[in-house]
Amino acid sequence: MSGPPITNHIRRLRFEHDEMTQQDLATRCDVTRQTILALEANRYSPSLALAFRIAQAFNKPLEEVFTWES
Amino acid sequence: MSNQQKSAWYTLAVGLLIAVTYLTLRMTVNGAVATAAFALFALAALTPSLFPIESRDERVRLITHRASLFGGVASYLFVVAICMLVWWSRFRATPPTVDVNILPIIAMGACVTLMLVQSATVLVLANQPLDASNP
């Protein structure tokens with residue numbers, strides 16, 4: 001099964017934000033650490049609401065966090 | 001490992017334990033005593049306490065939804081298959097009757113099937129690519 005066509009830069013952004021842990025980000029976005037893990041491994045394509053929450057956690061626009069691979 | 005995966009492993013173990021215990025008792029003692037194996041379902045009631053699942057997480061909800069779907073379909077197919085098997089094996093008998101005691105066995109078997117398939121599906125989906133926009 002191929003992965004979703006949306007990639008992200010969550011791991012890089014976490015390290016750029018004072019080396020935020022996966023658990024920290026998960027708590028801020030109201031998800032589990034396993035969901036953040038799946039996102040970083042490109043095994044999960046989030047809903048729009050979660051994508052916006054993650055972008056808000058990094059204080060970045062959505063396009064800087066997620067990339068659509070056509 | 002997430003609580004959802006731990007819960008799935010636990011439920012899978014309980015389901016297998018019930019199935020193995022029932023079959024063992026049925027082969028070694030008799031069918032009436034074998035139904036005592038279904039008391040082990042009580043172990044499954046501990047699952048929410050032992051492994052509380054974070055239901056607010058959308059990925060967890062997605063996996064739970066798909067696993068419930070697969071479990072329900074498997075359980076339904078089990079009931080259909082068993083009923084057809086019973087009919088096929090008994091309709092030529094004289095008289096063509098079916099023991100009423102088989103009904104709770106079918107119901108419990110469907111529950112075990114639901115547990116096993118649902119748990120296995122959770123464990124498989126936890127490592128598969130998922131898309132929230134395609135539930």
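Keep in mind the model is a prediction, meaning the values are calculated, not measured.

Chemist: What am I meant to see in the environment of A:Ser45 here?
Modeler: Residues and elements named next belong to chain A. Along the chain, Ser45 turns up in strand E2 (residues 44-45). In this structure Ser45 comes out as buried when scored by relative accessible area, which is 2%. Counting along the chain gives 40 residues from Ser45 to Pro5, while the straight-line C-alpha distance between them is 8.0 Å.

Chemist: Teacher, can you tell me more about the packing of aromatic side chains here?
Modeler: One pair of aromatic rings is described through two measures. These are the centre distance and the angle between the planes. Applying the stated criterion to the full structure yields four aromatic pairs over all chains. When the ring of B:Trp87 is compared with that of B:Phe91, the centres are 4.6 Å apart and the planes differ by 10°; the resulting orientation is stacked. Taking relative accessible area as the criterion, B:Phe91 reaches 38% and is therefore assigned partly exposed. Within the aromatic cluster, the residues linked to one another by ring pairs are B:Tyr22, B:Phe38 and B:Phe41. Above the plane of the ring of A:Phe15 lies A:Arg14, whose end atom (NZ or CZ) is 5.3 Å from the centre.

Chemist: Teacher, can you tell me more about the interface of chain B and chain A here?
Modeler: Think of interface size as the accessible area that goes away when the parts come together; that is how it is often given. Counting residues at the interface gives 16 residues for chain B, matched by 16 residues for chain A. Between chain B and chain A, roughly 1,300 Å² of surface is buried when both sides are summed, and carbon and sulfur atoms account for 49% of that area. For chain B, the biggest contributors to the area lost against chain A are B:Glu58, B:Arg59 and B:Pro129; these three give 41% of the whole. Joining chain B to chain A, the criterion identifies one salt bridge. Across the contact surface, chain B and chain A share 10 residue pairs in polar contact (both at pLDDT 80 or more). Listing elements by their share of the side of chain B that touches chain A, those giving two or more residues are helix H5 (58-90) and strand E1 (130-131) of chain B. Per-element accounting of the side of chain B that touches chain A gives the leading share, four residues, to H5(B). Of the residues in the side of chain B that touches chain A, the class split is seven nonpolar, three polar and six charged. Bridge analysis of E2(A) against E1(B) gives two bridges, and the strand direction is parallel. Note on E1(B): the bridge partner recorded for A:Ser45 is B:Asp131.

Chemist: So what exactly am I meant to see when it comes to the layout of surface pockets here?
Modeler: All names here are of chain B. Taken as a whole, the largest pocket holds about 490 Å³ of empty space. As for the largest pocket, its lining consists of 20 residues, and the residues nearest its centre are Tyr22, Arg26, Ile102, Ile105 and Ile106. Secondary-structure elements contributing two or more residues to the lining of the largest pocket are helix H1 (3-28), helix H2 (31-34), H5 and helix H6 (102-125). Sort the elements by how many residues they give to the lining of the largest pocket and H6 lands first, with seven residues. When the residues that make up the lining of the largest pocket are grouped by side-chain class, the tally is 13 nonpolar, five polar and two charged. Its volume calculated, the second largest pocket comes out at about 270 Å³. Forming the boundary of the second largest pocket are 14 residues, of which Ser7, Thr11, Thr47, Ile53 and Gln118 lie nearest the centre. Mapped by element, the contributors of at least two residues to the lining of the second largest pocket are H1, helix H4 (47-50) and H6.

Chemist: When you look at the state of the cysteines in this model, what are you seeing that I'm missing?
Modeler: Chemically, a disulfide is nothing more than a covalent bond linking the sulfur atoms of two cysteines. All names here are of chain B. This structure, assessed with the given rule, holds zero disulfides over all chains. Not engaged in a disulfide, the cysteine Cys111 finds its nearest cysteine sulfur in Cys83; these two sulfurs lie 14 Å apart. Given the relative accessible area of 33%, Cys111 is considered partly exposed.

Chemist: So what exactly am I meant to see when it comes to unusual backbone geometry here?
Modeler: Trans is the common state for peptide bonds, and a negative phi is the common state for residues other than glycine. All names here are of chain A. For Asp18, which is not glycine, the phi dihedral falls at a positive 55°. Inspection of the secondary structure puts Asp18 in the loop between helix H1 (10-16) and helix H2 (22-29). Looking at Asp18, the relative accessible area reads 75%, which means it is exposed. Although it is not a glycine, Asn59 sits at a positive phi angle of roughly 55°.

Calculation rules
Residues numbered from 1 in each chain as written. Chains lettered and ligands numbered in written order. Predicted model: local features only at pLDDT ≥ 70, side-chain atom pairs only at ≥ 80, totals over all residues. Heavy atoms only, no water. Helix = DSSP H or I, 4+ residues; strand = E, 2+ residues; numbered from the N terminus. Buried < 20%, exposed > 50% of the residue type's maximum accessible area, 1.4 Å probe, protein only. Phe/Tyr/Trp six-rings, centres within 6.5 Å; stacked < 30°, edge-to-face > 60°. Lys NZ or Arg CZ within 6 Å of the ring centre and 35° of its normal. Contact = heavy atoms within 4.5 Å. Buried area = accessible area lost by both parts, 1.4 Å probe. Salt bridge = Lys/Arg side-chain N within 4 Å of Asp/Glu carboxyl O. Polar contact = N/O pair within 3.5 Å; in protein donor to acceptor, adjacent residues only side chain to side chain. Nonpolar A, V, L, I, M, F, W, Y, C, P; charged D, E, K, R; others polar. Pairing = 2+ DSSP bridges. 1 Å grid on protein atoms, 1.4 Å probe; cavity = no way out; pocket = protein on both sides within 12 Å on 5 of 7 lines; lining within 4 Å. Points joined across faces, edges and corners; volume = space filled by probe spheres on them. Disulfide = S-S within 2.5 Å.

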